[in-house]
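# Remarks on the overall topology
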Amino acid sequence: MLRVESLSFAYGDAQVLDSVSLEVGKGEIVALVGANGAGKTTLLRTVSRLVKPVSGKVTLDGEDFSRLRAHEVVRRGLIHVPEGRRIFPEMTVRENLRLGSFTTRTDRERNLEKAFALFPVLLAREGQLGGTLSGGEQQMLALARGLMANPRLLLLDEPSLGLAPIIVKQIFETIVAINQQGISILLVEQNVYQSLHIAQRAYVLERGRVVLQGEGKALLENPDVKKAFLGA
Ligand SMILES: Nc1ncnc2c1ncn2[C@@H]1O[C@H](COP(=O)(O)OP(=O)(O)O)[C@@H](O)[C@H]1O
Ligand SMILES: [Mg+2]
C-alpha cells in the first residue's frame, strides 16, 4: 500500500535520512523504532509531504507523491498524527474534531459518531476546551481528529509519549481497535516493547538508515534490539 523507496533527506549539510526503504501493506501495523534523533519524525514528515526529500520516492497504491502538497496527501487518505499532539487548546473538543474533517465534510456527522464511539471520554467532554484535557485525553483527541479525515493509512508519531502507564495501555489498545477497522498504521514509538507486540512487522532506524527489519515478535527476541531498546 505505502511504499518508500530510497528516501533521503538533509537539513542543509546534515543528512538525516539515508536511502530509507520500507513498506506498509494493507491492514498492517508496522512499527518504526530507533533512538532519539534517528530520523523517525523526519521520515513521517517526508512521507506526508510536510518536507521534500532530496531523493527517493513515496507511493500510495502506486500513486507517486513527488508532486503532491501535504493537503493533497490528506485527501488520499494518508493522515499524519504528529508528535506532541498539536490539538488546538483554545477550541472545544468538538471544534478540534471538526477541523479534522476539512476534506471529508459530507461524512462529518457519521465520523463524529464513530470517533465518539471509540473515545467515549471525548463525548463526555465535547464542549470543553482542548487545553483543559489531560495529556491522555489530548492524545485521544489527536487520534480522533485523524480519524475524522477518513484515513486509509495513519502515521502515528509517539502517541504514548509522556503518558502514565495505564493510559499508555489504553492508547495501544485503541491503536489496535483502529487497525481492526481496516486502517493501516505506521507507528513510531519510544515504547518499543509494546509497539513490537502489536506490529506485524517493524523497521529499526539508526542515524537515518534502516539497519534491521522483520516481524515484530521476531525483533522482540533479537539480541541487538533487546540491548538497544528493551534494557536487556
Ligand atoms: N528543523 C530541523 N533543523 C535541523 N535539524 C533538525 C531539524 N529537525 C530535526 N533535526 C535533526 O534531524 C535529526 C533527526 O531528527 P528527528 O527526525 O526528529 O528524529 P527522531 O524523531 O527519530 O527523534 C536529528 O539529528 C535532529 O537534530
Ligand atoms: Mg521524533
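Counting from 1, residues in each chain are numbered in the order their sequence is written. Here the convention is simple: chains get letters from A, ligands get numbers from 1, in the order in which they are written. At least 70 in pLDDT is required for a residue's local features to be given in this predicted model, at least 80 for side-chain atom pairs to be given and counted, and no such filter applies to totals for whole chains, interfaces and linings, which use all residues. To obtain the side-chain values, all non-hydrogen atoms of the structure were included, while hydrogens and water were left out.

### Details of the packing of helix H6 (residues 135-147) against helix H7 (residues 165-180)
All axes here are fitted lines through C-alpha atoms, helices being fitted over the stretch that makes contact, and every angle between N-to-C directions spans 0 to 180 degrees. Segments assigned H or I by DSSP are reported as helices when at least four residues long, segments assigned E as strands when at least two residues long, and all are numbered from the N terminus. For the pair H6 and H7, interaxial distance at closest approach is 10 Å and the crossing angle is 10°. On the basis of their axis angle, the class for H6 and H7 is roughly parallel. Contacts from Gly136, Gln139, Met140, Leu143 and Leu147 in H6 reach Ile167, Gln170, Ile171 and Ile178 in H7. The residue classification treats Ala, Val, Leu, Ile, Met, Phe, Trp, Tyr, Cys and Pro as nonpolar and Asp, Glu, Lys and Arg as charged. All others, Gly included, are polar. Here the contact of H6 with H7 is built from residues that sort into six nonpolar, three polar and no charged. Every angle not falling under 35 degrees, over 145, or within 65 to 115 is termed oblique; those three ranges are roughly parallel, roughly antiparallel and roughly perpendicular. Pairs of residues are marked as contacts when any of their non-hydrogen atoms sit within 4.5 Å.

### A word on helix H1 (residues 40-47)
The periodicity of an α-helix, 3.6 residues per turn, causes residues three or four positions apart to be oriented the same way. Counting buried positions along H1 yields six of eight residues, so the element is predominantly enclosed. Those residues of H1 lying buried are Lys40, Thr42, Leu43, Leu44, Thr46 and Val47. Here the term buried applies to any residue with accessible area under 20% of the maximum for its type, exposed to any over 50%, and partly exposed to those in between, with areas from a 1.4 Å probe on protein chains only.

### Comments concerning the pattern of salt bridges
Here a salt bridge means any side-chain nitrogen of Lys or Arg lying within 4 Å of a carboxyl oxygen belonging to Asp or Glu. If you walk through the whole model with that rule in mind, you get 10 salt bridges. In this structure, Arg209 engages Asp18 in a salt bridge whose closest nitrogen and oxygen atoms are separated by 2.7 Å. Highlighted residues: Arg209 in strand E10 (residues 209-215) and Asp18 in strand E2 (residues 14-24), separated in sequence by 191 residues. For Asp18, a relative accessible area of 24% corresponds to the partly exposed category.

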